[in-house]
Amino acid sequence: MGGVTTGAWIAIAAALAVLLVVLVVGSVLYRRRQISLKAPDTPQIATEKDRSGGYRAGTGFSFSEGSTATAPPRPPAPEPVVPKPAPEPVVPKPAPEPEVVVPPAPEKAPEPEKAPEKPTVPPQPVTYEPVVAPEVEPEPEVAPEPEPAPAAPVLDVIAPTEGRLDRLRGRLSRSQSAVGKSLLGLLGGGDLDEDSWEEVEDTLLIADLGSATTTKVVTALREQMAARSVRTEADARALLREVLIAELRPELDRSIRALPHDDHPAVLLVVGVNGTGKTTTTGKLARVLVADGRRVLLGAADTFRAAAADQLQTWAERVGAEVVRGKEAADPAAVAFDAVSKGIENGVDAVLIDTAGRLHTKTGLMDELGKVKRVIEKKASVDDVLLVLDATIGQNGLAQARVFAEVVDITGVVLTKLDGTAKGGIVFQVQHELGVPVKLVGLGEGADDLAPFEPGAFVDALLG
Ligand SMILES: Nc1nc2c(ncn2[C@@H]2O[C@H](COP(=O)(O)OP(=O)(O)OP(=O)(O)O)[C@@H](O)[C@H]2O)c(=O)[nH]1
């Protein structure tokens, strides 16, 4: 019996030993797996983001120019070049930071064991050590906390750029859909009499499509209505959609030429009358680029209003972009030149230059903008000249566009404040008159309320 019992004990002991080994091995494997998941996580995302040359996404932003294939593999982490940690602009989402600060505490907490050794230096009453230790200990932990301070230019969380137009579409449709509804109401009934066609025409004119586009659209609609039987609102919608999209010339290249060249950054000039949303657009665009893993430098060439430069600097600080600004009333061309020079020197991907747009005297504007462009081009070619137009001012926007087009070669239009107007039809006119695509639209005052312009999505919003 006794022998049997001993044997049983040995068997149990052996079984326990095996179990222990299994548990230890299992736990090691588990921990390894945890580590391998976490560590590469961040760098991988980082490098992935940085390989964004030629980025194209369904409803995302599209960037071009520069040697797309050789898009530099720079770390996306925007260096806090601007020495000020931007106190006030900080959006209430510094969530990541506080959390990063918290973790160190629990790790260092278990250190009490080491503490007793250090205090031995002062007196000798070893007996008191435990009492002294806990008090002395917290201090070294408080000390490392300042670390986050210098490295914490609290940066904004930037809304994902993909699918942005979808998220913002509602804002567009709220103001536009009245136009679409009345058009669909008129066309959905089938055969239209002359009065109804006139109403269609008026609706298009009121929506600011302009007479040329309106005539083309009405002609196309008349032809198509006769050719196919349009009996329902769904038929009418399909037809209207088709005609309007075709009128928006979906084949135009709407990519933002913000990708760097082999040896220098892309240079973008943002022009437009003050108050149209120029500075805001420059800031919003910088955010899109930073979110895409790009290093951006903003040049505040609007030197007539210190507030404009301050505003741009705030935008830069919020996303960790660099900024170059001159003294008030400094020569805008000199500031632009410095910005491009610094951009080249620092190896950024894109330099965005915000210019002043006073329209008091056309000649003054002409001199100034022309000079800015000429001077920049001593350093690098200008890749994109974006004209910012306020959609709410309708026809006046078009008049502005004409003036600017005479001064510089506009390569793209940004239509702002489309969230607050039913006059989005200006898109048609601008493209028609300037022969230049609307590339971006501003759909709100929020920092990320900028979206790529897509004819299809725009017409869908128009038709509600
Ligand atoms: N609702 C709405 N407001 C916008 C949009 N874009 C800009 N704004 C607002 O328009 C106002 C003027 O914008 P700014 O960026 O300062 O205009 P600016 O052309 O740079 O003018 P200056 O600052 O005088 O040079 C600001 O209050 C912006 O918030 C938009 O898409 N929608």
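The following refers to the structure shown. None of the values given here were measured: they were computed from a predicted structure. (Residues numbered from 1 in each chain as written. Predicted model: local features only at pLDDT ≥ 70, side-chain atom pairs only at ≥ 80, totals over all residues. Heavy atoms only, no water.)

### A closer look at the overall build of the protein chain
Now for step 1: Within the protein chain, the secondary structure is distributed over 17 helices and eight strands.
Now for step 2: Residues classed as buried in the protein chain amount to 47% of the 464 residues present.
Now for step 3: The long-range fraction of contacts in the protein chain, counting pairs at least 24 apart against all pairs at least 6 apart in sequence, stands at 79%.
Now for step 4: Counting every atom, the protein chain has about 23,000 Å² of accessible surface; 59% of that belongs to carbon and sulfur. (Helix = DSSP H or I, 4+ residues; strand = E, 2+ residues; numbered from the N terminus. Buried < 20%, exposed > 50% of the residue type's maximum accessible area, 1.4 Å probe, protein only. Contact = heavy atoms within 4.5 Å. Areas by Shrake-Rupley, 256 points an atom, 1.4 Å probe, with all protein chains shown as cover.)

### A look at the nonpolar core
Now for step 1: Counting residues in hydrophobic clusters, the biggest one holds 74 residues, and the most contacted among them are Leu187, Val200, Leu221, Leu244, Ile353, Ile376 and Leu415.
Now for step 2: Looking at this core, the element that brings in the most residues is helix H10 (residues 233-247), giving six residues.
Now for step 3: Excluding anything up to four places from it in sequence, Ile376 contacts Val267, Leu269, Ala336, Val340, Ile353 and Val382.
Now for step 4: If you look at the next biggest cluster of nonpolar residues, it comprises 31 residues, including Ile158, Val288, Leu386 and Leu450. (Core = buried A, V, L, I, M, F, W, Y, C linked by side-chain atoms within 4.5 Å.)

### So, the packing of aromatic side chains
Now for step 1: Scanning the model with the defined rule gives three aromatic pairs in all.
Now for step 2: Ring plane angle 10° and centroid distance 6.5 Å describe the contact between Phe61 and Phe63, whose orientation is recorded as stacked.
Now for step 3: Take Phe61: its relative accessible area is 0%, and that puts it in the buried class.
Now for step 4: An aromatic cluster is built from Phe428, Phe453 and Phe458, whose rings are joined through pairwise contacts.
Now for step 5: We note Arg318 situated over the ring of Trp315; from NZ or CZ to the ring centre the distance is 5.2 Å. (Phe/Tyr/Trp six-rings, centres within 6.5 Å; stacked < 30°, edge-to-face > 60°. Lys NZ or Arg CZ within 6 Å of the ring centre and 35° of its normal.)

### Focus: the packing of helix H9 (residues 211-227) against H10
Angle between the axes and distance between the axes: these two values describe a pair of packed helices.
Now for step 1: At their nearest, the axes of H9 and H10 sit 10 Å apart, and the two run at 140° to each other. Relative to H10, the crossing made by H9 is right-handed. Across the interface between the two elements, Thr213, Lys216, Val217, Ala220, Leu221, Gln224 and Met225 from H9 touch Leu239, Leu240, Val243, Leu244 and Glu247 from H10.
Now for step 2: Split into classes, the residues belonging to the contact of H9 with H10 amount to eight nonpolar, two polar and two charged. (Axes fitted to C-alpha atoms, helices over the stretch in contact; angles between N-to-C directions. Left-handed = near helix turned anticlockwise from the far one by under 90°. Nonpolar A, V, L, I, M, F, W, Y, C, P; charged D, E, K, R; others polar.)

### Side note on the site of the ligand
Now for step 1: In the neighbourhood of the ligand, 19 residues make up the surrounding shell, with Gly275, Thr279, Thr280, Arg305 and Glu445 lying closest.
Now for step 2: Note that an oxygen atom of the ligand is positioned 2.7 Å from one of the backbone N or O atoms of Gly275.
Now for step 3: The side chain of Asp419 places a nitrogen or oxygen atom 2.8 Å from a nitrogen atom of the ligand.
Now for step 4: Computed on the free molecule, the ligand has an accessible area of 640 Å², of which 81% lies beneath the protein chains in the complex.
Now for step 5: If one sorts the elements of the shell around the ligand by residue count, helix H11 (residues 278-291) sits on top with four residues.
Now for step 6: Tallied by class, residues from the shell around the ligand come to two nonpolar, ten polar and seven charged. (Near = heavy atom within 4 Å. Polar contact = N/O pair within 3.5 Å; in protein donor to acceptor, adjacent residues only side chain to side chain.)

### Concerning the pattern of salt bridges
Now for step 1: A full pass over the atoms with the stated rule returns 15 salt bridges.
Now for step 2: The salt bridge involving Arg249 is made with Glu251; its shortest N-O contact spans 3.4 Å.
Now for step 3: The partner of Lys373 in a salt bridge is Glu377, and the shortest N-O contact between them spans 3.5 Å.
Now for step 4: A relative accessible area of 18% means that Lys373 is categorised as buried.
Now for step 5: Residue Glu377 is classed as partly exposed on the basis of its relative accessible area of 38%. (Salt bridge = Lys/Arg side-chain N within 4 Å of Asp/Glu carboxyl O.)

These figures come from the coordinates and say nothing about function on their own.
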